[in-house]
Amino acid sequence: MPPKNKSKIYRFYKPFLTFTICLSILSSFALSRPQTTTQIYQQLQTKLQPTPTPPPPNTNYYVDSLRLEKELPSLISTESLNQAAEVILYDLLTHQKLTPTIKPEDAATLYGFNYKNITSFTALLPSDQDFTAFPDLNELVQDTTYTHSGIAQKQDTIDSVSGTVFVLILAQPQKKTTPVQTASTPSYYTGVELWQEIQKYRLEHGVPPFRQDSTLCTIASIRVNQLLELGKLDDHNGFNPLVEKYRDSNQLTHSDVAENILSGYLTAPEAVSGWDSSLGHRKLMQDGSYVYACAAANYGFAVLIAAF
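Sequence order sets the numbering: in each chain, residues are counted from 1 along the sequence as written. It should be noted that, the model being predicted, local features are given only for residues of pLDDT at least 70 and side-chain atom pairs only at 80 or more, the latter also being counted only at that level, while totals for whole chains, interfaces and linings use all residues. Working from all heavy atoms in the structure, the side-chain values ignore hydrogens and water.

Engineer: Which residues make up the confidence of the model for the chain, and what values do they have?
Structural biologist: The pLDDT value expresses, per residue, how confident the predictor is, ranging between 0 and 100. Here the chain shows a mean pLDDT of 81. Residues at 70 or above account for 75%. Every residue pair with non-hydrogen atoms within 4.5 Å of one another is taken to be in contact. Every residue in residues 50-56 is under pLDDT 50, and counting partners more than four places away or in other chains gives 3 contacts. Contacts for the low-pLDDT stretch residues 177-181, under 50 throughout, to residues beyond four places or in other chains number 3 contacts.

See the structure below:
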């Protein structure tokens, strides 16, 4: 009977001996058949690598190519129209329908784009199709009426169908003229003017300016359209359901979100002054803990969404 200490040593080294023998065999095989070894390695590497996600279709390139076919100049990509397209895109995802509830006219106005003619195109592009499935898009893009564009797209699902949801806005800008104002045609302030006035107010009260947040801009734009459709303030009834929808979709990650709404003022300074005269609204504008925000305005209705 062998001594106990030798038995323990054997059990301890046995796994290492087995590993060493296997490694020696594999090394001999690799040295004798280098090409086969390389093929095996490449196959293993391919299987271990994750399948790459195909990039979304390049809408800008496709739109430009359609214009070039007719020897037309490229459309001018405009940031305000891109932002308007983003609003319509999130509206589609929120309502799970390809028919937006927000008109391109309202979305463009919210971001200060003055148009003479404007239209939009929305579609869901499954991964196994291409843009040729939408002949109406070709005709629309080649319409010489439109010179400016805005595009938004996102890989998502609508009504259980996955693909690329995309929105195209085409517009002809309004020529700048000096409008004749009358008592019956008031001139309202824009969301951009309201935002600038709010930022000025923050600085005047010793509070850092808000950081603009795209999701909050979408919520603010939708809220203004809700108030416009209702024709009056809604006591914030539409605010919480909208915030919850964006939380559920993980598009809104801020821990606290608040809202100021207002109507009946003709200028941005008057609107901010109106909020300042109300204790609750003033507190939101002066609260430094609210870091992120966005404002929207249309036809005398104003919305400020702030968050931290």
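Engineer: Kindly report on the sheet that holds strand 5 (residues 211-212), identifying the contributing residues and their values.
Structural biologist: By the convention used here, strands pair only if DSSP detects at least 2 bridges between them. We count a stretch as a helix when DSSP gives it H or I for four or more residues in a row; a strand needs E for two or more, and each element gets its number in order from the N terminus. Overall, mixed pairing links the 4 strands, which are arranged 5-7-8-6 in an open sheet. Each end of this open sheet is capped by a strand with a single partner; those strands are strand 5 and strand 6 (257-263). Pairing of strand 7 (residues 292-298) with strand 8 (residues 301-307) involves 7 bridges; the strand directions are antiparallel. If you follow Tyr-292 over to strand 8, its bridge partner there is Ala-307. Strands in contact with helix 8 (residues 214-230) are strand 5, strand 6, strand 7 and strand 8; relative to strand 7, the strand with the most contacts, it is inclined by about 30°. The sheet contacts of helix 11 (residues 279-286) involve strand 6 and strand 8, and relative to strand 6 the element is tilted by about 125°. In this description, a line fitted to the C-alpha atoms serves as the axis of each element, helices being fitted only across the stretch in contact, and the angle between N-to-C directions of two axes falls anywhere from 0 to 180 degrees.

Engineer: So what about the pattern of salt bridges? Which residues, and what values?
Structural biologist: The salt bridge definition used is simple: a Lys or Arg side-chain nitrogen within 4 Å of an Asp or Glu carboxyl oxygen. Taken as a whole and judged by the stated rule, the model has 4 salt bridges. Salt-bridge contacts for Asp-156 lead to Lys-154; the nearest nitrogen and oxygen are separated by 2.8 Å. Burial classification: accessible surface area is computed with a 1.4 Å probe over protein chains only, and a residue below 20% of its type maximum counts as buried, one above 50% as exposed, and the rest as partly exposed. By relative accessible area, Asp-156 is classed as partly exposed at 24%. When salt bridges that share partners are traced, they join Arg-223, Asp-234 and Glu-259 into one network.

Engineer: Please provide a residue-by-residue account of helix 10 (residues 268-276), values included.
Structural biologist: If you check which residues of helix 10 are buried, you get Ala-268, Ala-271, Val-272, Gly-274 and Trp-275. Viewed end-on, helix 10 has its buried residues packed into an arc of 155°, placing them on one side of the element. Along its buried surface, helix 10 packs onto helix 7 (191-204), strand 6, helix 11 and strand 8. Between a side-chain oxygen at the N-terminus of helix 10 and the backbone nitrogen of Glu-270 the separation is 3.2 Å; the capping residue is Thr-267. Regarding the arc, it is the one traced by the directions from the helix axis to the C-beta atoms. Any pair of nitrogen or oxygen atoms within 3.5 Å is treated as a polar contact; in protein, a donor-acceptor pairing is required on top of that, and neighbouring residues in sequence qualify only through side-chain atoms on both sides.

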